[in-house]
Amino acid sequence: MDAVPLIEDTRRALAHSKEAPDVVTEAWQAQALAAAVGGHLVMTGPPEVRAQAGGLCEASGRACGSLRGPGQRADGARAARLTEIRDPLSALHDLGGLLDETGDALVQVAVEAEEEGLYWRCIEGIDAADECGDRVTAIRRRLALRPRPFRRAPPARDGGAAVREDA
């Protein structure tokens, strides 16, 4: 399954989470998805983003560990359904938004937390969402700077020329 619908599903689930355990679970889902996107880009992305994608994968993996609750299984992640990233720039844009929303939701849970363990899980999750968001932004910038492929235009009367694919 493509990354964009998985990100949208996770955003919806996070937005509908009202109880603290549900918010933390959806934050974990978001980080698992960020790790999966990072891992996918490490394997299939352009060489210039693979190191940064590896960093995203690593940071998100650490976040999953800090957010995982008792009895929560890694095989329950939506991220396990990720098979492709059709439009990396769109997927990364949406993932960055999801990570921002995740951090905001965790701030609210931390403010209202009555137990210290939950508070610190949220704080670690907030830091992770911020770090991963920074990594996503860096990958997006690298992808945006890549030269676009050229395609040949049909010969014109003036001799024709190569034109940008996005022209």
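The text that follows walks through the structure, step by step, so that each part is easy to find. Not measured: the values here are computed from a predicted model. (Residues numbered from 1 in each chain as written. Predicted model: local features only at pLDDT ≥ 70, side-chain atom pairs only at ≥ 80, totals over all residues. Heavy atoms only, no water.)

### Things to note about the nonpolar core
Quick note on the threshold: Only buried Ala, Val, Leu, Ile, Met, Phe, Trp, Tyr and Cys residues count toward a nonpolar core, and they belong to the same one when joined by side-chain atoms within 4.5 Å. Whether a residue is buried, partly exposed or exposed follows from its accessible area with a 1.4 Å probe, protein chains only, as a fraction of its type maximum: under 20%, in between, or over 50%, in that order. Counting from the N terminus, the helices are DSSP H or I runs at least four residues long and the strands are E runs at least two residues long. Note on definitions: a residue-residue contact is assigned when non-hydrogen atoms from the two residues lie within 4.5 Å.
Membership of the largest hydrophobic core comes to 41 residues, with the highest contact counts inside it found for Val37, Leu95, Leu106 and Ile139. Those elements that provide at least two residues to this core are helix H1 (3-15), helix H2 (20-44), helix H3 (47-67), helix H4 (88-112) and helix H5 (116-145). Top contributing element to this core by residue count: H2, with 10 residues. Ignoring sequence-local partners within four residues, the contact set of Leu95 consists of Ile7, Ala34, Val37, Leu56 and Val136.

### Here we look at H1
Here is the rule we go by: How far a helix is expected to stretch is found by multiplying one less than its residue total by 1.5 Å. Pairs of N or O atoms are called polar contacts if they sit within 3.5 Å, as long as, within protein, a hydrogen donor faces a hydrogen acceptor (for residues adjacent in sequence, only side-chain-to-side-chain pairs).
Between its first and last C-alpha, H1 extends 18 Å over 13 residues, near the 18 Å set by a 1.5 Å rise per residue. Buried positions along H1 lie against H2 and H4. Measuring from the side-chain oxygen of the N-cap residue of H1 to the backbone nitrogen of Val4 gives 3.4 Å; that N-cap residue is Asp2.

### Quick word on H3
Taking 1.5 Å of rise per residue, the 21 residues of H3 would be expected to cover 30 Å, and the 31 Å separating its terminal C-alpha atoms lies within 8% of that figure. When we look at burial in H3, the residues that qualify are Val49, Ala53, Gly55, Leu56, Ala59, Ser60, Ala63, Cys64, Ser66 and Leu67.

### What about the state of the cysteines?
Note the cut-off: The definition used for a disulfide is geometric: two cysteine sulfur atoms within 2.5 Å.
Under the definition given, this model contains zero disulfides. No disulfide involves Cys57; its sulfur sits 9.3 Å from the nearest other cysteine sulfur, which is in Cys64.

### Points about the packing of aromatic side chains
Describing an aromatic ring pair means giving the distance of the ring centres and the angle of the ring planes. Put simply, the test is: Two rings belonging to Phe, Tyr or Trp (six-membered ring only in the last case) form a pair when the distance between their centres is within 6.5 Å. Interplanar angles under 30 degrees mark stacking, angles over 60 mark edge-to-face geometry, and anything in between is tilted.
Counted by the stated rule, this structure contains one aromatic pair. Ring centres of Tyr119 and Trp120 lie 5.0 Å apart, and the angle between their planes is 85°; this geometry places the pair in the edge-to-face category. Residue classification places Tyr119 among the partly exposed residues on the basis of a relative accessible area of 33%. A residue is classified by how much of its surface remains accessible, and Trp120, at 44% relative accessible area, is partly exposed.

### Some details on the pattern of salt bridges
Pairing between side chains of opposite charge can happen when their charged atoms approach one another. Short version of the rule: Salt bridges are counted wherever a side-chain nitrogen of Lys or Arg sits within 4 Å of a carboxyl oxygen of Asp or Glu.
In the structure shown here, the tally under the stated rule is eight salt bridges. Salt-bridge contacts for Arg12 lead to Asp9; the nearest nitrogen and oxygen are separated by 2.7 Å. A residue pair is termed a helical-turn pair when its members lie 3 or 4 positions apart in one helix, as Arg12 and Asp9 do in helix H1 at three residues. With a shortest N-O distance of 3.1 Å, Arg62 and Glu58 are connected by a salt bridge. One end of the pair is Arg62 and the other is Glu58, both in helix H3 and four residues apart, which spans about a single turn. A residue is classified by how much of its surface remains accessible, and Arg62, at 45% relative accessible area, is partly exposed. Through salt bridges with shared partners, a single ionic network connects Glu58, Arg62, Glu131 and Arg135.

### What about the environment of Ile126?
Tracing the backbone shows Ile126 in helix H5. For Ile126 and Leu99, which are 27 residues apart along the polypeptide, the C-alpha to C-alpha distance reads 9.1 Å. Dropping the residues within four chain positions of it, Ile126 is found in contact with Gly103, Leu106 and Val107.

### Remarks on a negative patch on the surface
Heads up, the condition is: The patches reported here contain residues having more than 30% relative accessible area and no salt bridge. Joining distances are 9 Å for like charges and 5 Å for nonpolar side chains (Val, Leu, Ile, Met, Phe, Trp, Tyr). Values of accessible area rely on a 1.4 Å probe in the Shrake-Rupley scheme; residue burial ignores everything except the protein chains shown. Charge convention: Lys and Arg are scored as positive, Asp and Glu as negative, and His as well as the terminal groups of each chain are ignored. Each charge is placed at NZ for Lys, CZ for Arg, CG for Asp and CD for Glu.
Taken together, the side chains of Asp100, Asp104, Glu124, Asp127, Asp130 and Asp134 make up a negatively charged region of the molecular surface. Sorting elements by how many residues they give to the negative patch places H5 first, with four residues. With respect to the helices, strands and loops of the structure, Asp130 is situated in helix H5.

### What to know about the environment of Ile7
Along the chain, Ile7 turns up in helix H1. The sequence separation of Ile7 and Ala91 amounts to 84 residues, and the corresponding C-alpha distance is 7.8 Å.

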